[in-house]
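Summary of the model geometry
So the chains spell out like this:
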Amino acid sequence: MSPDVRCAIPDDATAIREIARESWHAAYDSILGAEIVTETIDQWYALEDLRASITEACAREDAVFLVAEEANEPVGFAHAGPHRELPSVASLNRIYVRPDRWGEGTGTSLLTRIQDSLRGEYDQLYLAVLVDNEVAVSFYESAGFERVGTQDSDLKQEVEEYVYENSL
């Protein structure tokens, strides 16, 4: 059964942060260490900042912040909007699903909805993912994203990211 995907609301912030925390620890503890993961989540998913991101994305035509839920319980989320430097490119900023739901189609449902929402506004969807995050690399490549380069991450620890793009 596919999850229901809807626009996020500020009241979703706590559930979104918890999904991010679970997903990040599952995906990144062995790459970055649990302490850096916890610090990053606390910084990047501060509730007031997250609520502001949700409100801003929902007020724009060129951005989207979604929640996937089953039985009214959030199980994943995704956030995309304008690329910082390229006007015809959207950036997939975040897409995370509860680890116990990986492989069940929730991520695919979120990604499809993101692409459908941004088609017509942008030509390409861009994203970056840690090189060692095999689950995410496999997900994006199976979804048709093309690896177009590498870059250094914004994280405290020096790690490399793959850069991917997909036509909208």
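**With respect to the overall build of the protein**
The secondary structure content of the protein amounts to five helices and seven strands. Reading the protein from its N end, one meets helices and strands in the order β-α-α-α-β-β-β-α-β-α-β-β. Taken over C-alpha atoms, the radius of gyration comes to 15 Å for the protein, in line with the 15 Å a tight globule of 168 residues would show. Principal-axis analysis of the C-alpha atoms places the extent of the protein at approximately 35 × 35 × 30 Å. Counting over 168 residues, the protein shows a buried share of 48%. Element-wise, carbon and sulfur atoms account for 44% of the exposed surface of the protein, whose accessible area totals about 8700 Å².

**A look at the packing of aromatic side chains**
Using the criterion set out here, one finds 10 aromatic pairs in the structure. A ring pair is formed by Tyr 45 and Phe 77, whose centres lie 6.1 Å apart and whose planes are at 75°; its orientation type is edge-to-face. Of this pair, Tyr 45 sits in the loop between helix H2 (34-44) and helix H3 (47-59) while Phe 77 sits in strand E3 (residues 73-82), placing them 32 residues apart in sequence. On the accessibility criterion, Tyr 45 (3% relative accessible area) is buried. Ring geometry for Tyr 140 versus Tyr 164: centroids 6.3 Å apart, planes at 40°, classification tilted. Taken together, the positions of Tyr 140 in helix H5 (residues 134-142) and Tyr 164 in strand E7 (residues 160-167) put the pair 24 residues apart, joining distant regions of the chain. Neither residue differs from the other here; Tyr 140 and Tyr 164 are each classed as buried. Between the NZ or CZ atom of Arg 94 and the centre of the ring of Tyr 45, over which it lies, the distance is 5.0 Å. Note that Arg 147 overlies the ring of Tyr 162, its terminal NZ or CZ placed 3.6 Å from the centroid.

**Overview of the pattern of salt bridges**
For the coordinates displayed, the defined rule picks out 14 salt bridges. Between Glu 56 and Arg 60 there is a salt bridge, and its shortest N-O distance comes to 3.1 Å. With a closest N to O distance of 2.6 Å, Glu 141 and Arg 147 form a salt bridge. We classify Glu 141 as partly exposed; its relative accessible area is 38%.

**So, the nonpolar core**
Counting residues in each nonpolar core, the largest one holds 26 residues, and the members touching the most others are Leu 92, Leu 110, Ile 114, Leu 118, Leu 125, Val 129 and Tyr 140. Where this core is concerned, the elements lending two or more residues are strand E2 (64-70), E3, strand E4 (89-97), helix H4 (106-118), strand E5 (124-130), H5 and E7. With 25 residues, the next largest nonpolar core counts Ala 8, Ile 19, Tyr 28 and Tyr 45 among its residues.

**Comments concerning the sheet that holds E2**
One open sheet accounts for seven strands, arranged E1-E2-E3-E4-E5-E7-E6; its pairing is mixed. The sheet is open, and its two borders are formed by strand E1 (4-7) and strand E6 (146-152), each paired with just one other strand. On average, adjacent strands in this sheet sit at an angle of 25° to one another, irrespective of strand direction. Pairing of E1 with E2 involves four bridges; the strand directions are antiparallel.

**Thoughts on the pairing of E2**
The buried fraction of E2 amounts to seven of the seven residues, a majority that puts the element mostly inside the structure. Burial along E2 is two-sided: the face carrying Val 64, Leu 66, Ala 68 and Glu 70 and the face carrying Phe 65, Val 67 and Glu 69 are both buried.

**Looking at unusual backbone geometry**
Positive phi values are uncommon outside glycine, yet Ala 71 reaches one of about 50°. Secondary-structure assignment places Ala 71 in the loop between E2 and E3.

Procedures and definitions
- Residues numbered from 1 in each chain as written.
- Predicted model: local features only at pLDDT ≥ 70, side-chain atom pairs only at ≥ 80, totals over all residues.
- Heavy atoms only, no water.
- Helix = DSSP H or I, 4+ residues; strand = E, 2+ residues; numbered from the N terminus.
- Rg over C-alpha atoms; globule rule 2.2 N^0.38 Å.
- Buried < 20%, exposed > 50% of the residue type's maximum accessible area, 1.4 Å probe, protein only.
- Areas by Shrake-Rupley, 256 points an atom, 1.4 Å probe, with all protein chains shown as cover.
- Phe/Tyr/Trp six-rings, centres within 6.5 Å; stacked < 30°, edge-to-face > 60°.
- Lys NZ or Arg CZ within 6 Å of the ring centre and 35° of its normal.
- Salt bridge = Lys/Arg side-chain N within 4 Å of Asp/Glu carboxyl O.
- Core = buried A, V, L, I, M, F, W, Y, C linked by side-chain atoms within 4.5 Å.
- Pairing = 2+ DSSP bridges.
- Axes fitted to C-alpha atoms, helices over the stretch in contact; angles between N-to-C directions.

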